[in-house]
Amino acid sequence: MKLIVESGATKGDWRVVGDGGEAVASFRTAGTNVSTMPLAAINDIVRTICEDIASAGYTISEVYMYTAGVVTESVVVALSQLFRMMLSCEKVEICDDLTAAARAACGHQAGIVAILGTGSNSCQYDGEKIVKRVYSSGFILGDEGSAATLGKLFIADFLKGLVPEEVAADFRSRYPSDYATIVANVYRSEGSPSGYLGGFAPFIMEHYAVPYIRTLVDGNFRAFITRSLRQYDVERYPIGVVGGFGNALREVFERVAAQEGIRIARFISTPIEELIKYHTI
């Protein structure tokens with residue numbers, strides 16, 4: 001049996017997959033990012049699920065874990081050793097979330113992939129490996145097109161009094177919106193500032209008919225296309241879009257992409273089912 005894990009910043013999907021490619025057990029955990037979370041916290045999540053798998057009597061021979069923030073070999077080694085110790089498995093592969101998106105969207109074919117979630121990312125994939133990548137740089141320096149960046153743009157305008165009053169008044173009535181609270185949540189919170197900012201995306205989209213909001217949302221996607229996607233071979237390949245934010249706003253993104261001459265191949269909300277196919281078919 002195989003264990004396939006796809007874990008983004010907010011949630012993790014775990015599947016035990018039988019020899020016929022069917023998922024025989026499913027687990028949902030908190031998300032993991034090995035660049036920003038203590039390894040001990042990630043190890044606790046892995047141990048808990050592995051104990052559940054072992055107690056259920058499943059014998060795992062292969063593990064494929066995709067998680068955000070895989071940039072150092074030491075993390076790969078540590079997680080691999082933990083899985084081998086907990087599950088006595090023969091093969092362990094630890095990959096980043098961009099590889100998950102590429103394999104889910106393209107399978108074994110070449111293409112361009114965009115992640116549009118709380119954060120954003122992109123790459124060009126040759127059917128086996130990532131061959132070009134424009135760094136997303138996080139919500140402070142980049143992440144154009146993401147929910148977090150949309151929230152950041154909105155909050156920055158709100159604090160400067162640039163949001164139309166009808167929208168600003170609705171925002172004040174629904175959220176703690178004083179300057180000190182917002183600054184504390186973005187700069188001094190022990191939680192996730194990007195998650196905090198991205199959490200405003202549903203509110204923003206409620207007001208999409210307002211010209212200011214429409215310009216803000218469309219401009220966020222346009223910046224992602226201009227600053228990231230255009231650095232790939234978009235004349236040759238269409239874009240596979242992965243992520244809940246991109247999927248929820250697919251009509252908006254498709255329209256902006258069409259205006260920019262960008263072709264969209266498909267939208268995938270969560271990669272886990274496509275990753276099961278990738279590893280079993």
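Here we summarise the structure given alongside this text. This one's a predicted model, so the numbers in the text were calculated from it and none came from an experiment.

A separate point is the overall build of the protein. On a plain count of helices and strands, the protein comes out with 13 helices and 10 strands. Rg of the C-alpha trace for the protein: 20 Å, near the compact-globule value of 19 Å for 281 residues, within the 12% margin. In terms of its C-alpha atoms, the protein occupies a principal-axis envelope of roughly 60 × 45 × 30 Å. When each of the 281 residues of the protein is scored for burial, the buried share is 52%. In the protein, the share of contacts with a sequence separation of at least 24, taken over all contacts with a separation of at least 6, comes to 65%. When the 26 basic and 32 acidic side-chain charges of the protein are each reduced to a single mean position, those positions are 4 Å apart.

On to the sheet that holds strand E5 (residues 91–96), then. The strand order across the open sheet formed by five strands is E3-E2-E1-E4-E5, and the pairing between neighbours is mixed. The open sheet is flanked by strand E3 (23–30) and E5, the only strands paired with a single partner. This sheet shows a mean twist of 10° between the axes of neighbouring strands, independent of strand direction. Set on the sheet, helix H1 (residues 39–55) makes contact with strand E1 (2–7), strand E2 (11–17) and E3; between it and E3 the angle comes to about 155°. Along the sheet face, helix H3 (residues 97–106) touches E1, strand E4 (62–67) and E5 and points at about 100° away from the line of E5.

Empty space within the second largest pocket amounts to approximately 280 Å³. Looking at the lining of the second largest pocket, the elements that each hand over two or more residues are helix H4 (138–141), helix H5 (147–159) and helix H7 (179–188). Looking at which element gives the most residues to the lining of the second largest pocket, the answer is H7, with five residues. A class-by-class count of the residues in the lining of the second largest pocket yields 11 nonpolar, no polar and two charged.

Another aspect to go through is the pattern of salt bridges. Taken as a whole and judged by the stated rule, the model has 16 salt bridges. For Arg174, the salt bridge goes to Asp170, with nearest N and O atoms at 3.1 Å. Placement of both Arg174 and Asp170 in helix H6 (residues 165–174) is noted, with a separation of four residues, approximately one turn of the helix. The salt bridge partner of Arg230 is Glu260, with a shortest N-O separation of 3.3 Å.

Time to look at the packing of aromatic side chains. Here the structure, examined in full by the defined rule, presents 12 aromatic pairs. When the ring of Phe221 is compared with that of Phe245, the centres are 5.9 Å apart and the planes differ by 45°; the resulting orientation is tilted. Placement of Phe221 in helix H10 (residues 211–227) and of Phe245 in helix H11 (residues 244–248) is noted, with a sequence separation of 24 residues between them. Judged by its relative accessible area of 10%, Phe245 falls in the buried class. Chaining the aromatic ring pairs together yields one cluster made of Phe154, Phe158, Phe171, Tyr175, Tyr196, Phe200 and Phe203.

Here we take up the pairing of E2. The buried fraction of E2 amounts to six of the seven residues, a majority that puts the element mostly inside the structure. In this structure, E2 lies alongside E3, joined through seven bridges in antiparallel fashion. Residue pairing across strands places Arg15 opposite Ser26, the latter belonging to E3. Here E2 folds back onto E3, and the loop between the two strands holds five residues, one of which, Gly21, carries a positive phi near 90°.

Moving on to the packing of H1 against helix H2 (residues 73–87). At a minimum axis distance of 10 Å, the contact between H1 and H2 shows a crossing angle of 25°. As far as their axial angle goes, H2 and H1 are roughly parallel. Read as a crossing pair, H1 and H2 show a hand that is right-handed. Two secondary-structure elements touch here, H1 through Leu39, Ile42, Asn43, Val46, Arg47, Cys50, Glu51 and Ile53 and H2 through Ala78, Leu79, Leu82, Phe83, Met86 and Leu87.

One open sheet accounts for five strands, arranged E8-E7-E6-E9-E10; its pairing is mixed. Sheet topology places strand E8 (130–132) and strand E10 (264–268) at the edges, where each strand pairs with a single neighbour. With strand direction ignored, the average angle separating the axes of adjacent strands in the sheet is 35°. Against the sheet, H3 makes contact with strand E6 (111–116), strand E7 (120–125), E8, strand E9 (239–242) and E10, and its axis sits at roughly 125° relative to E6, the strand it touches most.

Residues Phe154, Ile213, Val217, Phe221, Leu229 and Phe253 are the most contacted members of the largest nonpolar core, which totals 46 residues. Among all residues touching Phe253, those that are not within four sequence positions of it are Leu116, Phe221, Phe224, Ile225, Leu229, Val241, Ile264 and Phe267.

Analysis parameters
Residues numbered from 1 in each chain as written. Predicted model: local features only at pLDDT ≥ 70, side-chain atom pairs only at ≥ 80, totals over all residues. Heavy atoms only, no water. Helix = DSSP H or I, 4+ residues; strand = E, 2+ residues; numbered from the N terminus. Rg over C-alpha atoms; globule rule 2.2 N^0.38 Å. Buried < 20%, exposed > 50% of the residue type's maximum accessible area, 1.4 Å probe, protein only. Contact = heavy atoms within 4.5 Å. Lys, Arg positive; Asp, Glu negative; His and termini not counted. Charge placed at Lys NZ, Arg CZ, Asp CG, Glu CD. Pairing = 2+ DSSP bridges. Axes fitted to C-alpha atoms, helices over the stretch in contact; angles between N-to-C directions. 1 Å grid on protein atoms, 1.4 Å probe; cavity = no way out; pocket = protein on both sides within 12 Å on 5 of 7 lines; lining within 4 Å. Points joined across faces, edges and corners; volume = space filled by probe spheres on them. Nonpolar A, V, L, I, M, F, W, Y, C, P; charged D, E, K, R; others polar. Salt bridge = Lys/Arg side-chain N within 4 Å of Asp/Glu carboxyl O. Phe/Tyr/Trp six-rings, centres within 6.5 Å; stacked < 30°, edge-to-face > 60°. Parallel < 35°, antiparallel > 145°, perpendicular 65-115°, else oblique. Left-handed = near helix turned anticlockwise from the far one by under 90°. Core = buried A, V, L, I, M, F, W, Y, C linked by side-chain atoms within 4.5 Å.

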